[in-house]
Amino acid sequence: MKKKIGLILLLGFVWFSTLLIGMKIGITGTEKRFEVLIQTTPNYTGQEIQDAVNAYRVKVGLKELKIDSDLCNNLYDRYAKMLSNDALTTGHPGFDEWADNKIKEYGYTLVGEVFSPDLTTEKVMTGWENSPGHNAAITNPTYTGVCTYAGIRGVVMVLGAK
């Protein structure tokens, strides 16, 4: 009887040790597999993009943009339009109608929009700074107001001047 108990304890110890070693190898293997993650969603908020644009504007000698609640009305709709299939062929679908509404309803003299599907603040800013049209928009001294929306597929920033 003592031999059976001893054998059971020995087998239990071997099984438990093997389990622990296997778990350690599995955990280490998992850590190694996930060391280099592929980023699939942005790592920023709308505020962080707005802060980066304002830092860039100050760097080039311009005033910071201030959040404008009128520009923020229905901003998600602008973001959704930029994700639509129409954006692939028309660039900024529905922008003219949206801008006309902002000008008529809220008294803007000029409105603009920039979009980026990039996943990091650095890539968004590099893209906008190196694109003549986007750079002209974010550095236009006429603009004083801004609203930014960041979602899982990019960021849209609308700009306005009253």
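Quantities reported herein were computed from a predicted structural model and do not represent experimental measurements.

> Is there a simple way to think about the nonpolar core in this case?
A general trend in soluble globular proteins is that nonpolar side chains are found buried together. If you look at the biggest cluster of nonpolar residues, it comprises 18 residues, and the most contacted ones within it are Ile-49, Val-53, Met-125, Trp-128, Ile-138, Met-157 and Leu-159. Looking at this core, the elements with two or more residues in it are helix H2 (46-59), helix H7 (121-130), helix H8 (132-138) and strand E4 (154-161). Every residue in contact with Ile-138, bar those within four places of it in the chain, is listed here: Val-53, Tyr-56, Arg-57, Val-114, Met-125 and Trp-128. Of all hydrophobic cores here, the second largest spans 13 residues; its members include Leu-75, Phe-95, Ala-99 and Val-111.

> What should I look at first to understand the sheet that holds E4 in this one?
Where strands meet in a sheet, backbone hydrogen bonds hold them as pairs that are either parallel or antiparallel. Read across the open sheet, the four strands follow the order E1-E3-E4-E2; overall the sheet is mixed. Each of the sheet's edge strands pairs with one partner strand only, and the pair in question is strand E1 (66-67) and strand E2 (110-116). Where E1 meets strand E3 (residues 145-151), two bridges bridge the pair, whose relative direction is parallel. Looking across to E3, one finds that Lys-66 is bridged to Gly-145. Helix-sheet contacts for H7 involve E2 and E4, and the interaxial angle to E2 is about 130°.

> It is not clear to me how helix H6 (residues 95-106) should be interpreted in this structure. Could you clarify?
For the α-helix, the turn length of 3.6 residues means that residues three or four positions removed from each other point alike. End to end, H6 covers 16 Å across 12 residues, agreeing with the expected 16 Å (1.5 Å per residue, within 8%). Structurally, H6 contributes buried residues whose contacts are with helix H3 (69-72), helix H4 (75-83), E2 and E4.

Cut-offs applied
- Residues numbered from 1 in each chain as written.
- Predicted model: local features only at pLDDT ≥ 70, side-chain atom pairs only at ≥ 80, totals over all residues.
- Heavy atoms only, no water.
- Core = buried A, V, L, I, M, F, W, Y, C linked by side-chain atoms within 4.5 Å.
- Buried < 20%, exposed > 50% of the residue type's maximum accessible area, 1.4 Å probe, protein only.
- Helix = DSSP H or I, 4+ residues; strand = E, 2+ residues; numbered from the N terminus.
- Contact = heavy atoms within 4.5 Å.
- Pairing = 2+ DSSP bridges.
- Axes fitted to C-alpha atoms, helices over the stretch in contact; angles between N-to-C directions.
- Expected span 1.5 Å × (residues − 1).

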